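Here are the chains, one letter per residue:
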Amino acid sequence: MSILKIIPVSENVTFQTYDFFFESDEPNEAELESIRYLDQVLQVEDINLVESVQRGMQTPAFTQGRIVNDPSGSGLSEHALHHFHSLVLDAYQAATQ
């Protein structure tokens, strides 16, 4: 299991760490390969994508909010993310009532 912690440092800087948990004290080769893939492939892709999105959000061409929305359902949107955030908000509101 891995836990990713994302910590905003400032408007344009984010710090993140990973914690890995294994069944045994030492990771096996498959687990080590998973860590390498996460570090060398997925993380590099994610960082490049997020930095590109952040640059785009600073341009006058960006007119939407922080979540891309396409009501036509083309798949070029973040409906699942918006739904998840709505569930979290509902849970917070229910807990404070």
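Reading guide: rules and limits
- Residues numbered from 1 in each chain as written.
- Predicted model: local features only at pLDDT ≥ 70, side-chain atom pairs only at ≥ 80, totals over all residues.
- Heavy atoms only, no water.
- Helix = DSSP H or I, 4+ residues; strand = E, 2+ residues; numbered from the N terminus.
- Salt bridge = Lys/Arg side-chain N within 4 Å of Asp/Glu carboxyl O.
- Buried < 20%, exposed > 50% of the residue type's maximum accessible area, 1.4 Å probe, protein only.
- pLDDT = per-residue confidence, 0-100.
- Patch = residues over 30% accessible without salt bridge, like charges linked within 9 Å, V, L, I, M, F, W, Y side chains within 5 Å.
- Areas by Shrake-Rupley, 256 points an atom, 1.4 Å probe, with all protein chains shown as cover.
- Phe/Tyr/Trp six-rings, centres within 6.5 Å; stacked < 30°, edge-to-face > 60°.

Turning our attention to the environment of Thr59. Among the secondary structure elements, Thr59 is positioned in the loop between helix H1 (29–57) and helix H2 (79–95). Each C-alpha atom, one on Thr59 and one on Ala95, is 38 Å from the other, the two residues being 36 residues apart in sequence.

For side chains bearing opposite charge, pairing can occur when the charged atoms are close. Scanning the entire structure with this criterion turns up three salt bridges. Two residues, Lys5 and Asp19, come together in a salt bridge whose shortest N-O distance is 3.0 Å. One end of the pair, Lys5, is in strand E1 (residues 2–10); the other, Asp19, is in strand E2 (residues 13–20), with 14 residues separating them in the sequence. Here Lys5 falls in the partly exposed class, since its relative accessible area comes to 37%. By relative accessible area, Asp19 is classed as partly exposed at 28%. In this structure, Arg36 and Glu33 form a salt bridge, with 3.2 Å as the shortest nitrogen-oxygen distance. Of this pair, Arg36 and Glu33 both sit in helix H1, three residues apart, which is roughly one turn of the helix. Arg36 gets classed as partly exposed once you look at its relative accessible area, which sits at 31%. Here the salt bridges share partners, and the residues they tie into one network are Glu29, Glu33 and Arg36.

On average, the chain scores 85 in pLDDT, and the residues at 70 or more come to 97%. Across the chain, H2 holds the top mean pLDDT of 90, while E1 sits lowest at 85.

The grouping of Ile7, Val9, Val13 and Phe15 at the surface amounts to a nonpolar patch, some 360 Å² of accessible area in total. Along the polypeptide, Phe15 turns up in strand E2.

Moving on: the environment of Arg55. Residue placement: Arg55 occurs in helix H1. When the C-alpha positions of Arg55 and His79 are compared, they lie 22 Å apart, and in sequence the two are 24 residues distant.

What follows is about the environment of Glu78. Mapped onto the secondary structure, Glu78 falls in the loop between H1 and H2. Here Glu78 falls in the partly exposed class, since its relative accessible area comes to 31%. Along the sequence, Glu78 and Val68 sit ten residues apart, while their C-alpha atoms lie 5.6 Å from each other.

On inspection of all chains with the given rule, the structure shows two aromatic pairs. Taking 5.8 Å as the distance between ring centres and 15° as the angle between the ring planes, the aromatic pair formed by Tyr18 and Phe20 counts as stacked. For Tyr18, a relative accessible area of 27% translates into the label partly exposed. Pairing Phe20 with Phe22 gives two aromatic rings, centres 6.4 Å apart and planes at 10°, and the pair type is stacked. Judged by its relative accessible area of 27%, Phe22 is partly exposed. An aromatic cluster is defined as three or more aromatic residues linked by ring pairs; in this entry it consists of Tyr18, Phe20 and Phe22.

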